[in-house]
Amino acid sequence: MRLKNVSTTILNQHDYPFPVEKVLAELLAAGATLAGLLKYEGVFILQTKTNGPIGLTVVDITHKGHMRGYTQFRPQEIKKKDTFQELLGSGYLAFTVDQGLKIDRYQGIVDLNHENLPNALEHYFVQSEQLETRLFIVSEKTDEGIWKSGALLLQQMPEQRANKESWVHIEALLNTLSPQEFLDFSIPYEELLIRLFHEGGVTVFNPTLLKAQCRCSEERIKDFLATLSPDEKESLLEKGQLKMTCEFCNYHYEFNRKDLMTVH
């Protein structure tokens, strides 16, 4: 999984400090990778909720490949050289598949007190799915302000597992990959995979194209406001105006009293 336009667009919608941007960039890559393991129609959601300076992050991706993400944090507690663990502290990481009202949600949860994001996700797969998994997740911000992030996932197949010797060998091959090589997007992904794993044979599938696309709209907000009573609507007004901002894309919506009271 490689992101450049998607991660740059989403991060440029906010004015986050660099350490916060880096965490969200890597969660975007992780979210897209995990969503790629599933067949679903709806939304895949990756969320962290912790007691650290970054208290909440949310990344979601629709089955059409539309992605968005945001984070909530305490600016005064963010230090430039903080590690992933120092920024998030302890809490949990959850991934949810929401396919609408008629289908039960699928949700996986793992404690989040690990040194980095790959360790947390690997722990989940071993504990919950009994599948040995290795993840390589990296990101960087170029001098031009472009955010590149990516993830490579190795996983035992549940029905036909490699023997221990083969798995150790594959892990060793993954360990030869450097962040610089992985984030050099001039190297086609299929060439990179063949470089790493040519001994075992590589099958390459057509890539899934992703897009930074929020799902907020004035119509959706009006649908929500229509469920409120006149008194509830009135309580939302401040100096005759209701101002709302989408946490994902940071787009601002404004409604006056007349707009609000005529919504139905």
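Structure shown above.
Conventions used here
Residues numbered from 1 in each chain as written. Predicted model: local features only at pLDDT ≥ 70, side-chain atom pairs only at ≥ 80, totals over all residues. Heavy atoms only, no water. Salt bridge = Lys/Arg side-chain N within 4 Å of Asp/Glu carboxyl O. Helix = DSSP H or I, 4+ residues; strand = E, 2+ residues; numbered from the N terminus. Buried < 20%, exposed > 50% of the residue type's maximum accessible area, 1.4 Å probe, protein only. Lys, Arg positive; Asp, Glu negative; His and termini not counted. Contact = heavy atoms within 4.5 Å. Patch = residues over 30% accessible without salt bridge, like charges linked within 9 Å, V, L, I, M, F, W, Y side chains within 5 Å. Areas by Shrake-Rupley, 256 points an atom, 1.4 Å probe, with all protein chains shown as cover. Pairing = 2+ DSSP bridges. Axes fitted to C-alpha atoms, helices over the stretch in contact; angles between N-to-C directions. Parallel < 35°, antiparallel > 145°, perpendicular 65-115°, else oblique. Left-handed = near helix turned anticlockwise from the far one by under 90°. Nonpolar A, V, L, I, M, F, W, Y, C, P; charged D, E, K, R; others polar.

Q: Help me understand the pattern of salt bridges in this model?
A: When the charged atoms of two side chains lie near each other, side chains of opposite charge can form a pair. Considering all chains together, one arrives at 11 salt bridges under this definition. With a shortest N-O distance of 3.1 Å, Arg 195 and Glu 191 are connected by a salt bridge. Linking Arg 195 with Glu 191, this pair stays in helix α7 (residues 189–197), spanning four residues, or about one helical turn. Overall, Glu 191 belongs to the partly exposed group, its relative accessible area being 36%. One network of salt bridges, with partners in common, ties together Asp 60, Arg 68 and Arg 215.

Q: I keep staring at the side chain of Asp 82 and nothing clicks. Help me out?
A: As for its placement among the helices and strands, Asp 82 is situated in the loop between β4 (66–73) and α3 (84–88). For the buried residue Asp 82, which engages in no salt bridge, the nearest side chain bearing the opposite charge is Lys 79, 5.2 Å off. Filtering out sequence-adjacent residues up to four positions away, Asp 82 remains in contact with Glu 77 and Leu 87.

Q: Explain a nonpolar patch on the surface here, please?
A: On the surface, Tyr 189, Ile 194, Val 202 and Val 204 cluster together to form a nonpolar patch covering roughly 290 Å² of accessible area. Tracing the chain through its elements places Ile 194 in helix α7. The exposure class assigned to Ile 194 is partly exposed, which follows from its relative accessible area of 43%.

Q: How should I be thinking about the sheet that holds strand β7 (residues 133–141) in this particular structure?
A: Each strand in a sheet pairs with another by means of backbone hydrogen bonds, the pair being arranged parallel or else antiparallel. Spatially, β1-β8-β7 is the arrangement adopted by the three strands of the open sheet, whose pairing is antiparallel. The outermost strands of the open sheet, each flanked by one partner alone, are β1 (2–3) and β7. Relative to strand β8 (residues 147–155), β1 is paired through two bridges, and the arrangement is antiparallel. Within the sheet, the bridge partner assigned to Leu 3 lies in β8 and is Ser 149. Sheet strands touched by helix α1 (residues 5–12): β1 and β8. Its angle to β8, the strand with the most contacts, is close to 125 degrees. Together, β7 and β8 form the strand contacts of helix α4 (residues 117–129), whose direction differs from that of β7 by roughly 155 degrees.

Q: Which parts of the structure should I look at to understand the packing of helix α2 (residues 18–35) against α4?
A: The description of two packed helices rests on the angle between their axes and on the distance between the axes. The geometry of α2 relative to α4 is characterised by a closest axis approach of 11 Å and an angle of 25 degrees between their N-to-C directions. Taken together, the axes of α2 and α4 lie roughly parallel to each other. Like other packed secondary-structure pairs, α2 and α4 cross with a definite hand, here right-handed. Residues Glu 26, Leu 27, Ala 30 and Leu 34 of α2 form the contact with α4, whose participating residues are Leu 117, Leu 121 and Phe 125. Among the residues making up the contact of α2 with α4, the classes are represented as six nonpolar, no polar and one charged.

From the geometry alone we can't say anything about function, so treat these as descriptive.
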